[in-house]
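# Results of the structural survey
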Amino acid sequence: GNSVTQMEGPVTLSEEAFLTINCTYTATGYPSLFWYVQYPGEGLQLLLKATKADDKGSNKGFEATYRKETTSFHLEKGSVQVSDSAVYFCALFSGQAGTALIFGKGTTLSVSS
Amino acid sequence: ETGVTQSPTHLIKTRGQQVTLRCSSQSGHNTVSWYQQALGQGPQFIFQYYREEENGRGNFPPRFSGLQFPNYSSELNVNALELDDSALYLCASSLFAGASGGAGYFGPGTRLTVL
């Protein structure tokens with residue numbers, strides 16, 4: 001079945017450090033891939049997405065490239081801020097009607113000044 | 001354009017009770033999906049409603065049931081509550097059930113605590 005595996009956290013960084021959060025997936029067909037962010041006490045916000053191989057999603061300085069050959073969708077940011085502290089979820093959507101997002105377990109990012 | 005709203009924000013129930021959670025979808029969206037997010041875990045798919053019909057279900061027992069109304073708002077009902085039902089319940093609305101952009105827009109969630 002379809003699944004998503006994320007690197008375990010927490011990830012603790014200093015402000016302006018480089019961020020990578022690894023995400024790999026298992027899926028049949030050609031899923032769409034997503035990164036969501038969840039701030040404390042809040043719901044999920046879509047951060048970025050990619051719908052086909054080699055697509056790069058980007059938003060707010062975050063980037064992720066859909067790599068079909070390595071079944072990966074790693075999240076990166078060149079310079080993190082304290083306000084980026086949150087839980088990040090990688091997810092996939094198989095694109096078939098009646099299906100839903102499949103999420104990883106989430107990675108907690110803590111950025112200190 | 002209004003976003004996805006959920007009510008109530010927080011809820012405390014005891015084992016064996018029943019609960020109803022509500023979700024108003026984003027304007028123009030005809031699909032609502034419900035997810036359960038246990039503490040420290042990723043959201044797990046419960047079910048999806050498309051134009052008032054159930055259109056997919058995750059690995060949840062029948063005591064989890066739902067409804068979607070003509071205005072596309074939705075309810076999640078849970079009977080015979082168990083301690084493990086304590087979680088954040090999220091709904092997401094989208095324009096079309098099968099779209100690759102079907103990630104949808106999430107509401108802020110309802111925090112259910114079962115004592």
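Everything that follows concerns the structure shown earlier in this document.
Along each chain, numbering runs from 1 in the same order as the chain's sequence is written. Throughout, the order in which chains and ligands are written sets their labels, letters from A for the former and numbers from 1 for the latter. Per-residue local features are limited, in this predicted model, to residues with pLDDT of at least 70; the limit for side-chain atom pairs, both in listing and counting, is 80 or more; totals at the level of whole chains, interfaces and linings are taken over all residues. As a rule here, side-chain values come from all non-hydrogen atoms in the structure, and water together with hydrogens is ignored.

## Examining the overall build of chain B
Let me state the cut-off plainly: Strands are runs of DSSP state E lasting at least 2 residues, helices are runs of H or I lasting at least 4, and numbering of each runs from the N terminus. The globule rule used for comparison is 2.2 Å times the number of residues to the exponent 0.38, while the radius of gyration itself is calculated over C-alpha atoms. The contact criterion used is simple: two residues touch if any of their non-hydrogen atoms lie within 4.5 Å. Working definition of accessibility: Shrake-Rupley area with a 1.4 Å probe, residue cover restricted to the visible protein chains. Neither His nor the chain ends contribute to the count of charged residues, in which Lys and Arg are positive and Asp and Glu negative. Charge positions are represented by NZ for Lys, CZ for Arg, CG for Asp and CD for Glu.
Check the secondary structure of chain B and you find zero helices and 11 strands. Overall, chain B shows an N-to-C arrangement of helices and strands of β-β-β-β-β-β-β-β-β-β-β. Rg of the C-alpha trace for chain B: 13 Å, near the compact-globule value of 13 Å for 115 residues, within the 12% margin. Counting only C-alpha atoms, chain B reaches 35 × 25 × 25 Å along its principal axes. Intrachain contacts of chain B at a sequence separation of at least 6 include 54% that bridge at least 24 residues. Here chain B has roughly 5,400 Å² of accessible surface; of this, 50% comes from carbon and sulfur atoms. One finds the centroid of the 7 positive side-chain charges in chain B at a distance of 6 Å from the centroid of its 8 negative side-chain charges.

## A short note on the sheet that holds strand 3 (residues 19-24) of chain B
Residue and element names in this part refer to chain B. Here is the rule we go by: Only strands joined by at least two bridges in the DSSP assignment are considered to pair. For helices, the fitted axis covers only the stretch in contact; all axes are lines through C-alpha atoms, and the angles between them, taken along N-to-C directions, range from 0 to 180 degrees.
Taken together, the four strands give an open sheet; going across it, the order is 1-3-8-7, and neighbouring strands pair in antiparallel fashion. In this open sheet, the two strands that pair with only one neighbour each are strand 1 (5-7) and strand 7 (64-68). Strand-to-strand twist in this sheet, taken as the mean axis angle between neighbours without regard to direction, amounts to 20°.

## Quick notes on the pattern of salt bridges
What counts here: What makes a salt bridge here is a side-chain nitrogen of Lys or Arg within 4 Å of a carboxyl oxygen of Asp or Glu, nothing more. Only protein chains enter the area calculation, which uses a 1.4 Å probe; residues under 20% of their type maximum are buried, those over 50% are exposed, and those in between are partly exposed.
Inspection of the entire model under this criterion finds seven salt bridges over all chains. Ionic pairing is found between Lys 56 of chain A and Glu 63 of chain A, a salt bridge with its closest N-O pair at 3.6 Å. One salt bridge in this structure joins Arg 63 of chain B and Glu 82 of chain B, with 3.3 Å as the shortest N-O distance. Here the residue Arg 63 of chain B occupies a position in the loop between strand 6 (53-57) and strand 7, and Glu 82 of chain B occupies one in the loop between strand 8 (74-78) and strand 9 (87-94), the gap between them amounting to 19 residues. For Arg 63 of chain B, a relative accessible area of 16% puts it in the buried group. Residues participating in the shared-partner salt-bridge network are Arg 63, Glu 82 and Asp 85 of chain B.

## Thoughts on the state of the cysteines
Filter applied, for reference: For the purposes of this analysis, a disulfide is any pair of cysteine sulfur atoms at a distance within 2.5 Å.
Scanning the model with the defined rule gives two disulfides over all chains in all. Each sulfur in the disulfide pair Cys 23 of chain A and Cys 90 of chain A lies 1.9 Å from the other. Looking along the S-S bond of the Cys 23 of chain A-Cys 90 of chain A disulfide, the torsion reads about -70°, which is the left-handed sense. In this pair, Cys 23 of chain A is assigned in strand 4 (residues 23-26) and Cys 90 of chain A in strand 10 (residues 86-93), connecting sequence segments 67 residues apart. Under the relative-accessibility criterion, Cys 90 of chain A is labelled buried at 1%. With a sulfur-sulfur separation of 1.9 Å, Cys 23 of chain B is cross-linked through a disulfide to Cys 91 of chain B. Here Cys 23 of chain B and Cys 91 of chain B share a disulfide; its torsion about the S-S bond, 70°, makes the bridge right-handed. Residue Cys 23 of chain B is located in strand 3, and its partner Cys 91 of chain B is located in strand 9; the two are separated by 68 residues in the primary sequence. A residue is classified by how much of its surface remains accessible, and Cys 91 of chain B, at 0% relative accessible area, is buried.

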